[in-house]
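# Results of the structural survey
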Amino acid sequence: MTGLLLVAQNIVGGLGIGCVYALIALGFSLIYRTMGLVNFAQGNLLMFGTYLGLTFYMGLLGLGKFSPFIAFLAGIILCGLIGIGLERLFRPLANLDLSYILVGTIGIGIMLDNIANHIWGSEGIVVPAPIANNEINVGGVRISPYIFIVMAMTVLLVIGLQLFLTRTNFGRGLRASAQDREIAACFGIPVNTMNAVAFAVGAGLAAAAGLLIAPMIYVNPAIGDSLGIKGFVAAIIGGLGDLPGAVIGGLLFGVIETVISGYISSSYTDLIAYLLLTVVLIVRPEGLLGARTVEKV
Amino acid sequence: MTAPALLSIQSLTKRFGGVTALQDVSFAVRPGTIHGLIGPNGSGKTTNFNVISGMYRPDGGKIIFDGVTISGMPAHRITRSGIARTFQNLRLFKTMSVLENVLVGLGGSPRGRDTIFPWDPYLRPWRAHAAEAHMRTEAMALLDRFQLADLADVPATSLPYGKQRRVEIARALATQPRLLLLDEPAAGLNAEETRELEETFIRLVAEGLTILMIEHDMRLVMGVCQWVTVLDQGKVIADGTPEVVRSNEHVLAAYLGREDD
Amino acid sequence: MSKAWLRRWRGPLLWVALAVILAMLPLAAQLDSFWAHIVNEMAIYVILTMGMNLVMGYGGQINLAMGGLFGVGAYSTAIILLHKGSFPVAFVVSALLGTLVAALIGLPALRVRSHYLALVTLGLGIALDIIFTNWEAVTGGAIGLTSIPVAAIGTLQFDDDTKMSYLFLGVMLATLLIAAVFVHSRFGRNLKAMRDDLIAARAMGINVGIYQLTCFAFSGFYAGIAGSLYAVWLSYISPTSFDLNQSIFILAQTLVGGMGTLIGPVIGAILLVGLQQYLLSFGDLQLIIYGALIVVIVLVARGGVAGGLTALWQRLAGRARRGRKEIAMAPSTGERGAVASAAIGGTTGGSPTREERTGN
């Protein structure tokens, strides 16, 4: 296989994974933008939401199997409900130093991890793709068709999010950024409801991301931290709080990671992700797309 | 009035998302003067202070302090360059006494350069101890000037409002600034306290300090300022002596409907 | 002058007294192996929790790489001892490497807000875990390092728990003292200022980034020391002791004990390490409990046990305390959001609390 074809293959694969990272990054950025808070449990919510969805998809707890579509929705909605619950839980802290909520989400994250361990066991599961996934050959480049499902679903979700943010009352209220929170409150926008919506949507996006990537990885309760970090890296690259940036950052990171993993073993690509995060933060904390919402005061 | 400006604001612009808080603001503060910055609520005065003191980065324009461009510098470096400020809503250190608040301020003076790594208490404890004792003496002297010496060990935020304001001014002065930014220093003070404040300012300027002051109390502004800049909706609408400004039609229009005295 | 001197040094003196008492325990109790083992474990965690407390309670950062830094210290000592190095050298190297790696991890602190840092430290902690697990040539990979020689200083061999307890408690005492001096120094006062009001602290010329970086480095210093002790305590180490769960365990101790105080870490470590023995029988529920503890503390008891004790003390001793510096020991409730107008709370002659940032 020629070098160019290999690169093309990696790019396609990278874009697929990148879509997933984009969804995770969107969740981070949305919550940050609305509440000024980094949701530490984003990765853990991803993992938990994935398991919830998979329970229906694969009949994991003896609940019977459902269609992938229903399972997908179930995972997202249930996870979104958890998100709402989290906002409610941490509401009394919303006016204090946000670090408390951050630490609280750390606690929640570790609880989610181990509750999942308890319910579904710590051994991983292999998730079958919802469609026949034989590799097809497009002009010499080998691609698994499932990637297109991932991309299509991501596009749908992003468009849906965009419509939600621009066309609905909820969405417009959300767009008041964390800095203008006081002004938003002055206009009668219920801040707590906005936070709950942000958390719910963020959690839902995480679940969607996890469910989409599930057939491509070995699913176990430990995937939350690793995917969460990568989603965070993507969000930072695009500028935390910047929604289009999150998408671009996710795609970019997906492609970079896939290309590099062709040369180095996978555990070390994780290492590179974390180091990349550090470097980006030192060199250009506002992300590659410039300072829009992040201001170092 | 022909001395070169100590602080020169040049075409300063600051945006927050869709809101332009400051638009092309330009004015100059001359050394040894008390310069007033006035305007209706929301006109951008405190934002102006925040940009000068380094809390915000400007989106356009420059700020030059004593020949050095300070716009874009981080806040702590601006303080060390000689600009101190107080805050509209008081930002005293809650868990500290009056004396400790001022001690922190002393650390920010050019002479009180903090050691980056706290070696001294371990490697040369006697030196650290001596330096601390010296700072305390200086701090007490400063408190004395503001009649706060007997309140030195009181938790700063348990004092009555007027005294807290004094503590904040003392703390700002501890950094040995050449320019002092005061954000509504007379807010919430009664007439007696305001008069004392006036005398304090005059005294300080006589000793070489320059003051830039945001205020709503027009009597104080007109009485003590040598120069006044008026902001309205982020733009400068007047800039001159108090007499010129108070009869400026734009200024009157901006304040229409407002009784400020 | 002596009354003022006493007032100013009251803090450190108290801790010295406490620490001395703690160090006397093995002598007093003639500890047998079983109790000595527990005391040693507690000593190690007190040091770790002090480090975490410094970076969190005073520096306002969250260092989730503590487990990894702990590992840096442990592996350094283990490797040096396995290569016939002496323990004092290994100890110093562990402390220095811990400091260095922590400083590197904390470098982003100079540029970014604290929330980012939590995730960055998470990632770097996991990165360290990956390195420990995969760098087989140096760290023995997933299996770890075994048969680590006992600690020896000169002719003194610390080959059982009872003997080790003297060393461990001595080191712990030293770290407590160091922390006490640190907190009561000018640097410590500026840290308190940062904690009270970050914006005002900057306005007072405090370079917040450098201060936070220093706190980070300090936490690494302590983690390195604790790691060194850990390596000779068990004479066997593996990557699972230095993963995220370890960092969470340390975080839980810090919170439970009371952030921002000197006694908090001691309380937190003793409580949770003691609890650990009991919880061991619950298997994986253990971690859920630590997570739940974290959430509960953050919601209802932010001052931890130390905070609760201080509140109780204040209530018992009466409120009229003008001129006393009891605030020096008060745990932080850290209401330092940019919109906090609580500075005016509790005074007479209030003013309208206009928010500072409605674009005036």
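The structure displayed is predicted, hence computed values, not measured ones. (Residues numbered from 1 in each chain as written. Chains lettered and ligands numbered in written order. Predicted model: local features only at pLDDT ≥ 70, side-chain atom pairs only at ≥ 80, totals over all residues. Heavy atoms only, no water.)

### Overview of the overall build of chain A
Secondary structure summary: chain A contains 11 helices and 4 strands in total. Computed over the C-alpha atoms, the radius of gyration of chain A is 19 Å, within 12% of the 19 Å expected from 2.2 N^0.38 for a compact globule of 297 residues. Principal-axis analysis of the C-alpha atoms gives chain A an extent of 60 × 50 × 35 Å. Buried residues in chain A amount to 56% of all 297 residues. The long-range share in chain A, meaning contacts at least 24 apart out of those at least 6 apart in sequence, stands at 75%. In the form shown here, chain A has an accessible surface area of approximately 11700 Å², with 68% of it arising from carbon and sulfur atoms. One way to put it: in chain A the 13 positive side-chain charges average out to a point 9 Å from where the 13 negative ones average out. (Helix = DSSP H or I, 4+ residues; strand = E, 2+ residues; numbered from the N terminus. Rg over C-alpha atoms; globule rule 2.2 N^0.38 Å. Buried < 20%, exposed > 50% of the residue type's maximum accessible area, 1.4 Å probe, protein only. Contact = heavy atoms within 4.5 Å. Areas by Shrake-Rupley, 256 points an atom, 1.4 Å probe, with all protein chains shown as cover. Lys, Arg positive; Asp, Glu negative; His and termini not counted. Charge placed at Lys NZ, Arg CZ, Asp CG, Glu CD.)

### Details of a nonpolar patch on the surface
Taken together, Phe 69, Leu 73, Ile 77, Leu 78, Leu 81 and Ile 84 of chain A make up a surface patch of nonpolar side chains, about 550 Å² in accessible area. Relative to the helices and strands, Ile 77 of chain A is located in helix H3 (residues 68-90). (Patch = residues over 30% accessible without salt bridge, like charges linked within 9 Å, V, L, I, M, F, W, Y side chains within 5 Å. Salt bridge = Lys/Arg side-chain N within 4 Å of Asp/Glu carboxyl O.)

### Topic: the packing of aromatic side chains
For the coordinates displayed, the defined rule picks out 23 aromatic pairs over all chains. For the pair Phe 56 of chain A and Phe 66 of chain A, a centre-to-centre distance of 5.6 Å together with 75° between the ring planes defines the contact as edge-to-face. Within this pair, whereas Phe 56 of chain A is found in helix H2 (residues 42-58), its partner Phe 66 of chain A is found in the loop between H2 and H3, the two being separated by 10 residues in sequence. The partly exposed category is assigned to Phe 66 of chain A, whose relative accessible area is 36%. Judged by centre distance (5.1 Å) and plane angle (75°), the rings of Phe 16 of chain B and Tyr 56 of chain B are edge-to-face. Taken together, the residues span a long stretch of sequence, with Phe 16 of chain B in strand S1 (residues 7-16) and Tyr 56 of chain B in the loop between helix H1 (45-52) and strand S4 (60-65) at a distance of 40 residues. Here Tyr 56 of chain B falls in the buried class, since its relative accessible area comes to 5%. (Phe/Tyr/Trp six-rings, centres within 6.5 Å; stacked < 30°, edge-to-face > 60°.)

### Here we look at helix H2 (residues 33-58) of chain C
Given 3.6 residues to a turn, an α-helix orients residues that are three or four positions apart in the same direction. Residues and elements named next belong to chain C. When the terminal C-alpha atoms of H2 are compared, their 36 Å separation across 26 residues agrees well with the 38 Å that a helix rising 1.5 Å per residue should span. Most of H2 sits out of view: 21 of its 26 residues are buried. Following H2 by one or two positions, Gly 60 adopts a phi angle in the positive range, close to 70°. (Expected span 1.5 Å × (residues − 1).)

### Considering the interface of chain A and chain C
Taken together, the contacts link 48 residues of chain A with 49 residues of chain C. Counting each side, the surface lost to burial between chain A and chain C is near 4600 Å², with a carbon and sulfur contribution of 72%. Inspection of the region where chain A meets chain C yields 0 residue pairs in polar contact (both at pLDDT 80 or more). At the level of elements, helix H1 (3-35), H3, helix H4 (99-120), helix H9 (223-238) and helix H11 (266-283) of chain A are the ones that each hand at least two residues to the side of chain A that touches chain C. If one sorts the elements of the side of chain A that touches chain C by residue count, H4 of chain A sits on top with 13 residues. (Buried area = accessible area lost by both parts, 1.4 Å probe. Polar contact = N/O pair within 3.5 Å; in protein donor to acceptor, adjacent residues only side chain to side chain.)

### Quick look at the sheet that holds strand S9 (residues 227-232) of chain B
Residues and elements named next belong to chain B. In spatial order, the strands read S6-S7-S8-S3-S9-S10; together these 6 strands make up an open sheet with mixed pairing. Edge strands, defined here as strands with exactly one partner in the open sheet, are strand S6 (83-85) and strand S10 (235-240). Across this sheet, the average inter-strand angle for adjacent strands is 15°, counted without regard to direction. Pairing geometry for strand S3 (residues 34-38) and strand S8 (residues 210-214), over 4 bridges, is parallel. Across the sheet, the residue bridging to His 35 is Leu 212, located in S8. Contacts from H1 reach S3, S6, strand S7 (179-183), S8 and S9, with the element oriented near 140° to S8. On top of the sheet, helix H6 (residues 161-174) reaches S6 and S7; it is set at about 155° to S7, its chief contact. (Pairing = 2+ DSSP bridges. Axes fitted to C-alpha atoms, helices over the stretch in contact; angles between N-to-C directions.)

### Focus on the sheet that holds strand S5 (residues 68-69) of chain B
Residues and elements named next belong to chain B. A sheet is described by the order of its strands in space; here 4 strands give the open sequence S2-S1-S4-S5, paired in antiparallel fashion. With one partner strand each, in any of the chains shown, strand S2 (19-29) and S5 form the two edges of the open sheet. With 5 bridges connecting them, S1 and S4 associate as antiparallel partners. Residue pairing in the sheet places Leu 7 in a bridge with Phe 65 of S4. Against the sheet, H1 touches S1, S2 and S4, its axis set at about 110° to S1.

### Thoughts on the environment of Cys 19 of chain A
Residue and element names in this part refer to chain A. Checked against the element boundaries, Cys 19 lands in helix H1. Taking C-alpha positions, Cys 19 is 9.3 Å from Leu 212, a pair spaced 193 residues apart along the chain. Leave out the neighbours within four places in its chain, and Cys 19 touches Val 150, Met 151, Thr 154 and Leu 251.

### Some details on the side chain of Ser 238 of chain C
Checked against the element boundaries, Ser 238 of chain C lands in the loop between helix H10 (208-234) and helix H11 (244-257). Ignoring sequence-local partners within four residues, the contact set of Ser 238 of chain C consists of Tyr 75, Ala 142, Ile 143 and Gly 144 of chain C.

### Here we look at the confidence of the model for chain C
All names here are of chain C. When the pLDDT values of chain C are averaged, the result is 79; 78% of them are 70 or greater. Helix H3 (residues 66-82) holds the highest mean pLDDT among the elements of chain C, 95, whereas helix H1 (residues 2-29) holds the lowest, 60. Contacts of residues 320-360 to residues separated by more than four positions or lying in other chains number 106 contacts, the stretch itself having pLDDT below 50. What the predictor reports for the complex is a pTM of 0.82 with an ipTM of 0.88. (pLDDT = per-residue confidence, 0-100.)

### Quick word on the environment of Asp 161 of chain C
All names here are of chain C. Mapped onto the elements, Asp 161 comes out in helix H7 (residues 161-183). C-alpha separation for the pair Asp 161 and Ser 33, spaced 128 residues apart in sequence, amounts to 5.6 Å. Not counting chain neighbours up to four residues away, the residues in contact with Asp 161 comprise Ser 33, Ala 36, His 37, Asn 40 and Trp 233. At 3.0 Å, the side chain of Asp 161 and the side chain of His 37 are in polar contact. In terms of polar contacts, Asp 161 uses its side chain to reach the side chain of Trp 233, at 3.0 Å.

### Points about the confidence of the model for chain A
The predicted model of chain A averages 84 in pLDDT, with 93% of residues at 70 or higher. Throughout residues 292-297 of chain A the model reports pLDDT below 50, and contacts reaching past four residues in sequence, or to other chains, amount to 22 contacts.

### Considering the pattern of salt bridges
All names here are of chain B. In the structure shown here, the tally under the stated rule is 12 salt bridges over all chains. As a salt-bridge pair, Arg 145 and Glu 207 come within 3.0 Å of each other at their nearest N and O atoms. Of the two residues, Arg 145 sits in helix H5 (residues 125-145) while Glu 207 sits in the loop between helix H7 (191-206) and S8, which places them 62 residues apart along the sequence. Between Glu 168 and Arg 171 there is a salt bridge whose closest N-O contact spans 3.7 Å. On the criterion of helical spacing, the pair formed by Glu 168 and Arg 171 is a turn pair, its members being 3 residues apart in helix H6. Comparing Glu 168 with Arg 171 shows no difference in burial state: the two are buried.

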